[in-house]
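Report on the structure
What follows is each chain in one-letter form.
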Amino acid sequence: MSLVRDAGPNNHITGRSVHNHRIERLWTDVQINEAEQFYRKLYDMEDRGILDPYQDCHICAIQLVFMPEINKNLDEFRKVWNQHQLRTEENRSPEQIWMDGMLSDTNGHTSVQELQNPSALDDLEDKLQAFGLSGQEFEDVDDGDRVVIRYGIIVPEATRLELQLQIQEIGSFEEKYT
């Protein structure tokens, strides 16, 4: 944040922790409704000796099997969350509140100005270079027709897509993984 906005007084938000209620509630709901089921499945598989989290091929297999389902569940959760009504905001949804903020006076909202400023990315890249960094350290690796999956296992894109199609046809996660 300091790289984008320098060290000015509007660089961060301060206040009592009671003002974090909405984000804390969001993270609780994500944990209980979405993450917990996968957390239990993965630890159960580890406890039974099916999964070894220190094996690169196991991590790769977990990503191929679980990531599409996790992403699908989180996308559905996001859609529902963004549409739910907030009693304390005159029954407006988070999406409506965000849109109202984007359409209202942007002179006092630094983050909105940054979104509307096409040179913000160039400014960030210049500031990263001043620290000896480039934006490439933070990008996903895409080597033409290959995708590098975490832990250095390289799977050609066509192979990954074929594996995902075959995995989708299998019923339970455990069957998909084993």
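Before any of the text, the structure's been laid out above.
Just so we're clear, the structure is a prediction, and the values are computed from it rather than from any experiment.

**Regarding a nonpolar patch on the surface**
Together, Trp98, Met99 and Leu103 give the surface a local cluster of nonpolar side chains, amounting to about 360 Å² of exposed area. Inspection of the secondary structure puts Met99 in helix 4 (residues 94–103).

**Focus on the nonpolar core**
Counting residues in each nonpolar core, the largest one holds 10 residues, listed as Phe38, Met45, Leu51, Cys60, Ile62, Leu64, Val65, Phe66, Val155 and Ile167. Breaking this core down by element, the ones donating at least two residues are helix 2 (21–47) and helix 3 (56–83).

**A few points about the packing of aromatic side chains**
For the structure shown, the criterion picks out 3 aromatic pairs. The interplanar angle of 80° and the centroid separation of 6.1 Å between the aromatic rings of Phe38 and Phe66 together place this pair among those described as edge-to-face. One end of the pair, Phe38, is in helix 2; the other, Phe66, is in helix 3, with 28 residues separating them in the sequence. On the numbers, 6.1 Å between centres and 20° between planes, the contact of Phe77 with Trp81 is stacked. Placement of the pair is Phe77 and Trp81 together in helix 3, with a separation of 4 residues, close to one helical turn. Among the residues examined, Phe77 registers a relative accessible area of 14% and is labelled buried. Of the residues examined, Trp81 reaches a relative accessible area of 18% and is grouped as buried.

The rules we used
- Residues numbered from 1 in each chain as written.
- Predicted model: local features only at pLDDT ≥ 70, side-chain atom pairs only at ≥ 80, totals over all residues.
- Heavy atoms only, no water.
- Patch = residues over 30% accessible without salt bridge, like charges linked within 9 Å, V, L, I, M, F, W, Y side chains within 5 Å.
- Areas by Shrake-Rupley, 256 points an atom, 1.4 Å probe, with all protein chains shown as cover.
- Salt bridge = Lys/Arg side-chain N within 4 Å of Asp/Glu carboxyl O.
- Helix = DSSP H or I, 4+ residues; strand = E, 2+ residues; numbered from the N terminus.
- Core = buried A, V, L, I, M, F, W, Y, C linked by side-chain atoms within 4.5 Å.
- Buried < 20%, exposed > 50% of the residue type's maximum accessible area, 1.4 Å probe, protein only.
- Phe/Tyr/Trp six-rings, centres within 6.5 Å; stacked < 30°, edge-to-face > 60°.

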